[in-house]
Every structure is written in C-alpha cells, then in structure tokens.
Amino acid sequence: MRSWTSPAVPSLAEAGFGSGPVLRLHDTASGAFAESPAAGSARLYVCGITPYDATHLGHAATFIAFDGIVRMWRDAGLDVTYVQNVTDVDEPLLERAAATSDDWQALAERETQLFRADMESLRVLAPDHYVGAVESIPPIIVMVAALLDSGAAYRLGADVYFDVSADDTFGSVSGYDAARMRALAAERGGDPDRPGKRSPLDCLLWSA
C-alpha cells in the first residue's frame, strides 16, 4: 500500500550537533523504565486506522506520539524500521459502506487518502512499510493454516481462534490478570463470552 510523503528532516550529526539522547520507555512487562539501545537498529510496529470515517484528534495524538519515538531513535543514530498497517477490511468498514450504499473498497481508499493528507499536514514521518490488511490476506491464510496444523488454533463453526494456552508467555507483556484482560477484550471488540471457545481470551484469527 502506498504511504505518504515524509517531510525533510535534517540529521543532527550532519548539522554538527552530534547525536540525540537515548530514549527511555516504560516497559510494561518489567514495570520499570528501560533505555533503548544506544547504537544499532530499532523496530517499531504501530497499529494504524480502520478507514471507515475521517480521522480525528485522538488519531493525531497517537501517531504524533509514535512519530516522536521514531525521530528520537533516528536522532540517536539508530537504523529504524517503522511499520504501520491499515485495516482496510473489517466489520465497521463493511457496516458503514452498507449504511451509505457505498463500495467498501472505495470507502476504504477515500478515508485512507484523507489520513495520508492529515499526516502530511502534521509533518508526521511516513512508515517504511505501510501495509494493508487486504494485500496481506495470502500470507495470513498460510500462517493461520500453520497454526491449525500445530494445534495452536482451532475451528469454531467457520471461524478460527488462537488457543492462548499454546503460548506460555501470554499476558506477560501487559501484566494484566485474566479478569482485567477479559474486561478489556469485551470493551475493545473481542468476544470473550462466545460459547464454544476453549478460553474467553482466545483470539479470533479468521472470521468467516
């Protein structure tokens, strides 16, 4: 998927100012602050928009925050690989297209283009890889099939779920207990109360 055009950003080193400070981030897994590497490479993945409507100030705050991380890493001399996705097929998008009698693909591209224009106006650096969900379907099919074959995923009706018990470290990054994760899943589009799931926290991998 096509990204947007990044603004020109001068290099601190080339301007004779040396390098920027090392970034410190709160690590939820350890509960403490951790310093980014002072040299080498850094990778960042940011969940992007579901393009069913115009973006808003909340989106701007999110992407400006991650833009600050990318800029600090690059100022510190790190080789940054920044990836962002676009969920250009999803229930909210399909529902909006049906409600407005619009073609869902045309709606997705129109709102994605509006987002690109917003990011350029805000002078947010473009990701190195801007990846759409639709274009990613072929490798997703391969990965879901591999998880089914390994027993780490299972079918429920025509849908496929990931069995979180297959991952001994599940939940360790957030530090939340099962009750907190279940409440957040219900609030944020999950289906913890669906009958037939092995665990309420099992994640939907493939929606028929």
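Quick summary incoming for the structure in this document.

Parameters at a glance
- Residues numbered from 1 in each chain as written.
- Predicted model: local features only at pLDDT ≥ 70, side-chain atom pairs only at ≥ 80, totals over all residues.
- Heavy atoms only, no water.
- Pairing = 2+ DSSP bridges.
- Helix = DSSP H or I, 4+ residues; strand = E, 2+ residues; numbered from the N terminus.
- Axes fitted to C-alpha atoms, helices over the stretch in contact; angles between N-to-C directions.
- Buried < 20%, exposed > 50% of the residue type's maximum accessible area, 1.4 Å probe, protein only.
- Contact = heavy atoms within 4.5 Å.

## Some points on the sheet that holds strand β6 (residues 153-156)
Okay, so step 1: The strand order β6-β7-β8 describes an open sheet built from three strands, whose pairing is antiparallel. The open sheet has two edge strands with one neighbour each: β6 and β8 (203-206). On average, each strand axis in the sheet is inclined to that of its neighbour by 40 degrees, with strand direction left out of account.
Okay, so step 2: Here strand β7 (residues 159-162) runs beside β8; their pairing, made up of three bridges, is antiparallel. Across the sheet, V160 pairs through a bridge with W206, a residue of β8.

## Points about the side chain of D67
Okay, so step 1: With respect to the helices, strands and loops of the structure, D67 is situated in helix α1 (residues 57-75).
Okay, so step 2: Residue classification places D67 among the buried residues on the basis of a relative accessible area of 8%.
Okay, so step 3: Non-local contacts of D67, meaning those with residues more than four positions away in its chain, are made with R123, V124 and L125.

## Concerning the environment of N85
Okay, so step 1: For N85, the position within the fold is in strand β4 (residues 79-86).
Okay, so step 2: Given a relative accessible area of 12%, N85 falls into the buried group.
Okay, so step 3: As a C-alpha pair, N85 and V46 span 39 residues in sequence and 7.0 Å in three-dimensional space.
Okay, so step 4: Sequence-distant contacts of N85, that is, excluding residues within four places in its chain, are made with Y45, V46, C47, G48, I49, Y130 and V131.

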